[in-house]
Amino acid sequence: VGRMNAVHFSALKKGTMAWIAGALALVVVGSVVVGQTKPDPDTGEKKSDIVTYHADYWKASETTKTVLLKGNVRLQHEETVLTSDELVYNKASDTATSPGKLRITNAECEITGDKGSADFNKKTGTLEGKVVMVVKPREEKTDKSDKESVGAKLKKPTTINCPKLEYQYKAKIATATGGVDF
């Protein structure tokens, strides 16, 4: 058996090592999705809109412009992280959909739901089912206008339960619908 492995490896070295190296390079390059550089609508500055992803398994389809991600899935856009067991990332629309449990986290909150989606162009995440959002209190800031916001008035983490929640992670606005419980 050891000799056959050596012979098989020798054949790999001659014919397919270049193919394997190319495939490995594709896997490394494929683990990062880079969006286009767009001007910021508020400042006019150009900024890179990058979505990175990692998963135990992924399969890309050029015809549908989608990537199926399974096992320890992690997508990051700016400071917001999405985690799930399975996601479908659509490169053309810059969206992700999870048919199962989804978690969205950043410095301000942690949100979990039975299923959900994210739109990286609109910078929103929508979760459905048994949705739980834990809003974390902000650190004190010197900006007086910010002190009047609901988030600035929180002194302890606050839990919100609802059947559906849309979170605008750039603007830090959550809209809970249905039977909402704080």
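Now for a look at the structure at hand. Predicted model only: the values in this text are computed from it and were never measured.

The rules behind each value
- Residues numbered from 1 in each chain as written.
- Predicted model: local features only at pLDDT ≥ 70, side-chain atom pairs only at ≥ 80, totals over all residues.
- Heavy atoms only, no water.
- Pairing = 2+ DSSP bridges.
- Helix = DSSP H or I, 4+ residues; strand = E, 2+ residues; numbered from the N terminus.
- Core = buried A, V, L, I, M, F, W, Y, C linked by side-chain atoms within 4.5 Å.
- Buried < 20%, exposed > 50% of the residue type's maximum accessible area, 1.4 Å probe, protein only.
- Contact = heavy atoms within 4.5 Å.
- Polar contact = N/O pair within 3.5 Å; in protein donor to acceptor, adjacent residues only side chain to side chain.
- Salt bridge = Lys/Arg side-chain N within 4 Å of Asp/Glu carboxyl O.

## Side note on the pairing of strand β4 (residues 66–77)
One ladder, built from 5 bridges, connects strand β3 (residues 57–61) with β4; its direction is antiparallel. In the sheet register, tyrosine 57 faces β4, and the bridge partner there is lysine 70. Between β3 and the antiparallel strand that follows it, β4, lie 4 residues; lysine 65 among them carries a positive phi value of about 55°. Note: β4 against strand β5 (residues 80–90), 10 bridges, orientation antiparallel. By the bridge assignment for β5, threonine 66 is matched with asparagine 90. Count of turn residues in the β4/β5 antiparallel hairpin: 2 residues, of which glutamate 78 carries a positive phi of about 55°.

## Details of the nonpolar core
Among the nonpolar cores identified, the biggest contains 26 residues, and Leu69, Leu75, Tyr89, Ile111, Phe120 and Met133 are the most heavily contacted of them. Apart from the residues within four sequence positions on either side, isoleucine 111 is in contact with Leu102, Arg103, Ile104, Leu127, Val131, Val132, Met133, Leu165 and Tyr167.

## Observations concerning unusual backbone geometry
Within the chain, asparagine 72 stands out as a residue other than glycine whose phi angle is a positive 50°. Within the secondary structure, asparagine 72 sits in strand β4. A positive phi angle is found at lysine 123, which is not glycine, with a value near 55°. Within the secondary structure layout, lysine 123 lies in the loop between β9 (115–119) and β10 (124–135).

## Topic: the environment of aspartate 119
Counting through the fold element by element, aspartate 119 comes out in strand β9. Apart from residues no more than four positions distant in its own chain, aspartate 119 is found in contact with Asp94, Thr95, Thr124 and Tyr169. Separated by 3.0 Å, the side chain of aspartate 119 and the backbone nitrogen of asparagine 121 make a polar contact.

## Comments concerning the pattern of salt bridges
Think of it this way: side chains of opposite charge can pair up when their charged atoms draw near. The final tally for this structure, using the stated rule, is 7 salt bridges. In this structure, lysine 101 engages aspartate 114 in a salt bridge whose closest nitrogen and oxygen atoms are separated by 2.8 Å. On the criterion of sequence distance, the pair formed by lysine 101 in the loop between β6 (95–98) and β7 (102–105) and aspartate 114 in the loop between β8 (109–113) and β9 is long-range, its members being 13 residues apart. Between lysine 136 and glutamate 110 there is a salt bridge, with the nearest N and O atoms lying 3.5 Å from each other. With lysine 136 in the loop between β10 and α2 (150–153) and glutamate 110 in strand β8, this residue pair connects regions lying 26 residues apart in the sequence. For lysine 136, a relative accessible area of 28% puts it in the partly exposed group. Classification of glutamate 110 by relative accessible area gives partly exposed; the value is 29%. Salt bridges linked by common partners bring Glu62, Lys65 and Lys91 together as one network.

The quantities given are spatial measurements derived from coordinates; they are silent on function.
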